[in-house]
Amino acid sequence: MSHLVQLAAEEVQNPLLPPIPELVVGLIAFVIVFGVLAKKLLPNINKVLEERREAIEGGMEKAEAAKTEAESVLEQYKAQLAEARHEAARLRQEATEQGTAIIAEMRAEGQRQREEIIAAGHTQIAADRKSAATSLRQDVGKLATDLAGKLVGESLEDHARQSRTIDRFLDELEEKAEAAR
């Protein structure tokens, strides 16, 4: 019997096998706690998890939308920048063309003014030459008449005769000068 008592004592003392009544009470308590948690806590947990999932998905959608909008704005900016560069190049080209046209106009105006000044100078020189020639002719004629009068010993004051003599003398001088050239 001692052997049987020993077996019965071993059976009670086995910590891996709890007594059946404790096992049933623990199982019932577990089912009750699990049921309460499943009824009360699990819906709240699922609700919070669903809200988080929606928030994450919404955030991802918002991020994607923001990314798409940012890319759109970037493309618009690049297009505006390209347009501004094109406009600047066009304005530079126009300014260069206008500058070239203004320079050409100024040169043409300067050339025209130069030609006018030269023409006016030639006209003035011709007028001065003619005036000087007339004045010289008169002075030379007077001197020649006076000299001739002194040489001849009589006065050559007759203006008609004096003019013819002077003109003839000066014409001969001009012919000799032209022949010498």
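Rules used in this analysis
The residue count restarts for each chain, going from 1 along the sequence in the order it is written. With pLDDT at 70 or above as the cut-off, local features in this predicted model cover only qualifying residues; side-chain atom pairs require 80 or more to be listed or tallied, and sums for whole chains, interfaces and linings still use all residues. For side-chain calculations, the full set of non-hydrogen atoms in the structure is used, while hydrogens and water are omitted. In this text, helices come from DSSP runs of H or I with a minimum length of four residues, and strands from runs of E with a minimum of two, each type numbered from the N-terminal end. Under the convention used here, a 1.4 Å probe and the Shrake-Rupley method define accessible areas, while residue burial counts only the protein chains that appear. The rule is short: rings of Phe, Tyr and Trp, with Trp giving its six-membered ring, pair when the centres are within 6.5 Å, and they are stacked under 30 degrees, edge-to-face over 60, tilted in between. Accessibility here uses a 1.4 Å probe with only protein chains present; expressed as a share of the type maximum, an area under 20% marks a residue as buried, one over 50% as exposed, and anything in between as partly exposed. Residues are called lining when one of their atoms sits within 4 Å of a cavity or pocket point, these points coming from a 1 Å grid over the protein atoms alone, where a cavity is a set in which a 1.4 Å probe fits but cannot get out and a pocket is an open set with protein on both sides within 12 Å along at least five of seven lines. Grid points are joined across faces, edges and corners, and a volume is the space filled by probe spheres set on the points. Charged means Asp, Glu, Lys or Arg here, nonpolar means Ala, Val, Leu, Ile, Met, Phe, Trp, Tyr, Cys or Pro, and polar covers whatever is left, Gly included. Patches here: salt-bridge-free residues with over 30% relative accessible area, like charges joined within 9 Å, nonpolar side chains (Val, Leu, Ile, Met, Phe, Trp, Tyr) joined within 5 Å. One side-chain nitrogen of Lys or Arg within 4 Å of one carboxyl oxygen of Asp or Glu is enough to make a salt bridge. Charge counting follows a simple rule: Lys and Arg are positive, Asp and Glu are negative, and His as well as the terminal groups are ignored. By convention, the point assigned to a charge is CZ for Arg, NZ for Lys, CD for Glu and CG for Asp. Summary of the metric used: pLDDT quantifies the predictor's per-residue confidence within the range 0 to 100.

Participant: Help me understand the overall build of the protein chain, please; the structure alone is not making it clear to me.
Facilitator: Counting its regular elements, the protein chain contains 3 helices and 0 strands. Mapped in sequence order, the helices and strands of the protein chain form the string α-α-α. Looking at the protein chain as shown, the accessible area adds up to about 16,300 Å², and 63% of this sits on carbon and sulfur atoms.

Participant: Can you help me understand the packing of aromatic side chains in this one?
Facilitator: Pairs of aromatic rings are described using the distance from one ring centre to the other and the angle between the two planes. As enumerated under the stated definition, the model contains 1 aromatic pair in all. Taking the centre distance of 6.0 Å and the plane angle of 20° together, the rings of Phe 30 and Phe 34 count as stacked. With Phe 30 and Phe 34 both in helix α2 (residues 20-152), this residue pair falls 4 residues apart, about one helical turn. Like Phe 30, the residue Phe 34 is exposed in the burial classification.

Participant: Is there a simple way to explain the layout of surface pockets in this structure?
Facilitator: Which parts of space are left empty comes out when a probe the size of a water molecule is rolled across the atoms. The computed volume of the second largest pocket comes to approximately 190 Å³. Considering the residues around the second largest pocket, the lining is formed by Ala 133, Leu 136, Arg 137, Val 140, Leu 170, Leu 173 and Glu 174. For the lining of the second largest pocket, the elements supplying multiple residues, two or more each, are α2 and α3 (159-180). Here the lining of the second largest pocket takes 4 residues from α2, the largest share from any one element. Residue composition of the lining of the second largest pocket, grouped by class: 5 nonpolar, no polar and 2 charged.

Participant: What is the right way to look at a negative patch on the surface in this model?
Facilitator: A cluster of acidic residues, Glu 172, Glu 174, Glu 175 and Glu 178, forms a negative patch on the protein surface. For Glu 174, a relative accessible area of 43% puts it in the partly exposed group.

Participant: Looking at this model, I keep getting lost on the pattern of salt bridges. Mind explaining?
Facilitator: Two side chains that carry opposite charge are able to pair once their charged atoms sit near each other. For the coordinates displayed, the defined rule picks out 7 salt bridges. A salt bridge links Arg 90 to Glu 94, with the shortest nitrogen-to-oxygen separation between them at 2.3 Å. Note that Arg 90 and Glu 94 are positioned in helix α2 at a spacing of 4 residues, about one turn of the helix. On the accessibility criterion, Arg 90 (34% relative accessible area) is partly exposed. We note a salt bridge from Arg 112 to Glu 116, for which the minimum N-O separation is 2.2 Å. Placement of the pair is Arg 112 and Glu 116 together in helix α2, with a separation of 4 residues, close to one helical turn. Of the residues examined, Arg 112 reaches a relative accessible area of 38% and is grouped as partly exposed.

Participant: Could you clarify how one ought to interpret a nonpolar patch on the surface in this entry?
Facilitator: A grouping of Ile 20, Leu 23, Val 24, Ile 28, Ile 32 and Val 36 is seen on the molecular surface, where their side chains present a nonpolar patch of about 570 Å² in accessible area. Taking the relative accessible area as the measure of exposure, Val 36 reaches 49% and is therefore partly exposed.

Participant: Is there a simple way to explain the confidence of the model for the protein chain in this structure?
Facilitator: Keep in mind that low pLDDT regions are not for reading the predicted coordinates in detail. Considering every residue of the protein chain, the mean pLDDT works out to 83; 86% of them sit at 70 or more. Averaged pLDDT values for the elements of the protein chain fall to 56 in helix α1 (residues 2-13) and rise to 88 in α2.

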